[in-house]
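# Observations on the three-dimensional arrangement
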Amino acid sequence: MKYKSIGAVACAVILLVSVFNWNLLFGKTTEKRVHQHLSYAAKEKCEQAHGDSVFCTHLPLISIDTNGQEIPGKGVTDENGKRIGFSTTPDGGDRITASMQVMDSETEYNHTSDKPTVSSDIVIHARGNSSRYFEKSGYRVKLVDKDGNSNPKSLLGMDEHQDWVLHGPYLDKTLIRNYMMYNISGEVMDYAPNVRFCEVVINGNYEGVYVLTEMITAGKNGARLNMAVDAKDNTYTGYLLRLDRQNGVETDRVNNLTAYTLRADSDLKLEVEYPGPEKLNDTLKRSIETDFSRFEKALYSYDFNNKKYGYKNYIDADSFAEYFIIHELVVNYDAGSYSTYIYKDTGGKYKMCVWDFNNACDNYQERTVMSVQHFEIQNKLWFGMLMKDEDFVERVISKYKSLRKTVFSDKYLEEYIDGVIDFLGPAIERNNERWSSSFSDDTLLEPEDRNLHSYDEAVTQLKTFFSGRTAWLDDNIETLRQYSASSKIKKYTEVTD
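Residues numbered from 1 in each chain as written. Predicted model: local features only at pLDDT ≥ 70, side-chain atom pairs only at ≥ 80, totals over all residues. Heavy atoms only, no water.

### A look at the overall build of the protein chain
Where we set the bar: Counting from the N terminus, the helices are the DSSP runs of H or I reaching at least four residues and the strands are the DSSP runs of E reaching at least two. The classification of residues rests on relative accessible area computed with a 1.4 Å probe and restricted to protein chains. Under 20% of the type maximum is buried, over 50% is exposed, and intermediate values are partly exposed. When checking whether two residues touch, look at their non-hydrogen atoms; a contact exists if any pair is within 4.5 Å. Per-residue and other accessible areas follow the Shrake-Rupley method at a 1.4 Å probe size, with only the shown protein chains counted as cover for residues. Neither His nor the chain termini are counted; the positive set is Lys and Arg, and the negative set is Asp and Glu. To locate a charge, take NZ of a lysine, CZ of an arginine, CG of an aspartate or CD of a glutamate.
For the protein chain, the count of helices and strands is 14 helices and 17 strands. Its C-alpha atoms give the protein chain principal-axis dimensions of about 75 × 75 × 55 Å. Residues classed as buried in the protein chain amount to 51% of the 497 residues present. Nonlocal contacts in the protein chain, meaning residues at least 24 apart in sequence, comprise 71% of its contacts between residues at least 6 apart. Split by element, the accessible area of the protein chain, about 24,000 Å² in all, is 48% carbon and sulfur. In the protein chain, which carries 59 positive and 75 negative side-chain charges, the distance between the mean positions of the two groups comes to 7 Å.

Pasting the structure below:
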């Protein structure tokens, strides 16, 4: 009877765990990734009587009114086509204040004439690097109130925040690379920016299909990245760093080990992304520099894989391995150099966060090392040393093989592409009519014969890339062991306790 009672209690505990979620009881996240095209409830065809002046779509709709102002930040060229900078306002400003309305009915089609779900003033400017020179612009948007203060709101079902990006696919003629890979990365890693498709109207003009994207930063109650800063006490529970191109701004630059020892490329800089300039002071910045350099010193020392002194005391090795294999899958070799985000959250260890897949999957503008038959991330900062560690290499290989059974499988990837295309439906044709120039411009990709001239060609190219890339990775993933071979890294592993 005693053992029957114990068994009954055990069963009850198991049932409770099932009901209340094991992860919740043990403090792990329970949030599930929302894939918009999978959670979308089909809508009845719009039967409203409205003229051509009222835009109508099954997708969420964002309407922006700049009150006659040009949005600054777009690429400017001289008479010879040479890039010379970015546009500004008449008084030299790099952003303007405008108003934004969001129409997002779950059951009805959305119209520019509908009562908005969300309204806010915004501060807006064009964003990106090379993409600022495309005809279709992407935008950085900050929600503000009438006094110019942050005005965080939930948009399209994503957590409340004030900072957002409107990514306008132009180089990516399928429209789906960022949406697809942010979501797949979110299934693999602790965090990847949440995304939603929408259509955008600016000053009454249709601007096409956009991907509303969370900025990588901290939010309230653990939204986005779980970090916080107390500027009064000069303390933090986490911070976010970005490795990117030099931009001439020195105040956010981190003078870390790989910078002052010249291990990082001279055209790159590591900068503090969070806390932002309103909270970042010299004391906090010096503390972050010292803290981050501890990790780099451990990584670049002869004790890099030592249990007591090694890098694993500072980083979430799984996060770095996941970052590695995601970018190798899609051949996104800006990763590890440009727009590379590394953060430390309340867990106390460094993690990686993905950003920008616009150039991925053989869509890089220059034909350089972006071929299917290639590994490259092992040559990037931090990863060059990580790949000398046998344990890290085995993590990468193991994760790849495991993910090939799920979100990296050929079936999953192809069905994902088809599912998103079905979801976007007539919005694809509207966007392609608005931006037909992208299919006739043979200067977007080099050499010229890489440019695609129809949406169907673009989709075929993406599917062909994935099938070819996964086949090559299946055959070659274990060759990554060469980077941790003892014959190659003996000098790094000679020192022991």
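### A look at the nonpolar core
Note the following rule: Grouping buried Ala, Val, Leu, Ile, Met, Phe, Trp, Tyr and Cys residues that are joined through side-chain atoms within 4.5 Å yields what is termed a nonpolar core.
Counting 109 residues, the largest nonpolar core has W382 and F466 as the members making the most contacts within it. If you tally residues by element for this core, the top one is helix α7 (residues 317-330), at eight residues. Setting aside chain neighbours within four positions, we find W382 in contact with L243, T258, L270, F292, F295, E296, L299, Y300, T340 and I342. Counting residues in each nonpolar core, the second largest holds 24 residues, with I124, A126, L143 and V200 among its members.

### What to know about the confidence of the model for the protein chain
Short version of the rule: The predictor attaches a confidence to each residue, and that confidence, scored 0 to 100, is pLDDT.
Summing up the model confidence of the protein chain, the mean pLDDT is 89 and the portion of residues at 70 or higher is 92%. With pLDDT under 50 throughout, residues 1-30 is counted as low confidence; its partners more than four residues away or in other chains account for eight contacts.

### What about unusual backbone geometry?
The step from Y274 to P275 runs through a cis peptide bond, and the omega angle for that step is 5°. Topologically, P275 is positioned in the loop between β15 (268-274) and α6 (282-300). At the junction of E446 and P447, the peptide bond is cis and its omega measures out at -5° in the coordinates. Positionally, P447 belongs in the loop between α12 (437-440) and α13 (455-476). Phi is positive for L156, close to 50°, though the residue is something other than glycine.

### Some details on the pattern of salt bridges
Where we set the bar: Throughout this description, the term salt bridge denotes a Lys or Arg side-chain nitrogen within 4 Å of a carboxyl oxygen of Asp or Glu.
With the rule as written, the count across this model stands at 29 salt bridges. One salt bridge in this structure joins D244 and R245, with 3.8 Å as the shortest N-O distance. With a shortest N-O distance of 3.2 Å, E322 and K399 are connected by a salt bridge. Of the two residues, E322 sits in helix α7 while K399 sits in helix α9 (residues 390-403), which places them 77 residues apart along the sequence. On the accessibility criterion, K399 (19% relative accessible area) is buried. Residues participating in the shared-partner salt-bridge network are K312, D318, E322, D389, D391, R395 and K399.

### Digging into the sheet that holds strand β7 (residues 118-127)
Stated formally: DSSP calls a pair of strands paired once it identifies at least 2 bridges connecting them. To obtain an axis, a line is fitted to C-alpha atoms, over the contacting stretch when the element is a helix, and the angle between two such axes runs from 0 to 180 degrees between their N-to-C directions.
Read around the closed barrel, the seven strands follow the order β2-β5-β7-β8-β9-β11-β10; overall the barrel is mixed. Shown here is a sheet whose adjacent strand axes are inclined to one another by a mean of 40°, direction ignored. Note: strand β10 (residues 195-202) against strand β11 (residues 205-214), eight bridges, orientation antiparallel. Its bridge partner lying in β11, V195 is registered against T213.

### Remarks on α7
For clarity, the threshold we go by: Working rule for helices: expected span equals 1.5 Å times residues minus one. A 3.5 Å cut-off defines polar contacts: any pair of N or O atoms within that distance qualifies, except that in protein one atom must be a possible hydrogen donor and the other a possible acceptor, and neighbouring residues in sequence count only when both atoms are side-chain atoms.
With 14 residues, α7 should reach 20 Å at 1.5 Å per residue; the first-to-last C-alpha distance of 21 Å fits that figure. Measuring from the backbone nitrogen of D318 back to the side-chain oxygen at the start of α7 gives 3.1 Å, which picks out D316 as the cap. Positive backbone phi, at 50°, marks V331, one or two positions downstream of α7.

### Considerations on the packing of aromatic side chains
Short version of the rule: A pair of Phe, Tyr and Trp rings is counted when the ring centres sit within 6.5 Å of each other, with Trp represented by its six-membered ring. The angle between the planes then sorts it: under 30 degrees is stacked, over 60 is edge-to-face, the rest tilted. By definition, being over a ring means that NZ of Lys or CZ of Arg is both within 6 Å of the ring centre and within 35 degrees of the ring normal.
Within the structure shown, the criterion is met by 26 aromatic pairs. With a centroid separation of 5.7 Å and an interplanar angle of 80°, the aromatic rings of Y182 and F357 are classed as edge-to-face. On the criterion of sequence distance, the pair formed by Y182 in helix α4 (residues 177-188) and F357 in the loop between β17 (350-353) and α8 (383-386) is long-range, its members being 175 residues apart. F357 matches Y182 in its accessibility class, with the two residues each being buried. Centroid distance F324 to F383: 6.1 Å. Interplanar angle 50°. Geometry classified as tilted. Of this pair, F324 sits in helix α7 while F383 sits in helix α8, and the two are 59 residues apart along the sequence. Side by side, F324 and F383 carry an identical accessibility label, which is buried. Ring-pair connections join several aromatic residues into one group, and the members of that group are Y236, Y239, F292, F295, F320, Y323, F324, Y350, W382 and F383. One cation-aromatic arrangement involves R83 over Y133; the distance from NZ or CZ to the ring centre is 4.3 Å.

### Thoughts on the pairing of β11
The buried fraction of β11 is high, at nine of ten residues. Here strand β9 (residues 163-167) pairs with β11 via four bridges, running antiparallel. Directly across from W164, in β11, lies its bridge partner E214. Here β10 hands over to β11 after two residues, with N203 in that stretch at a positive phi of 50°.

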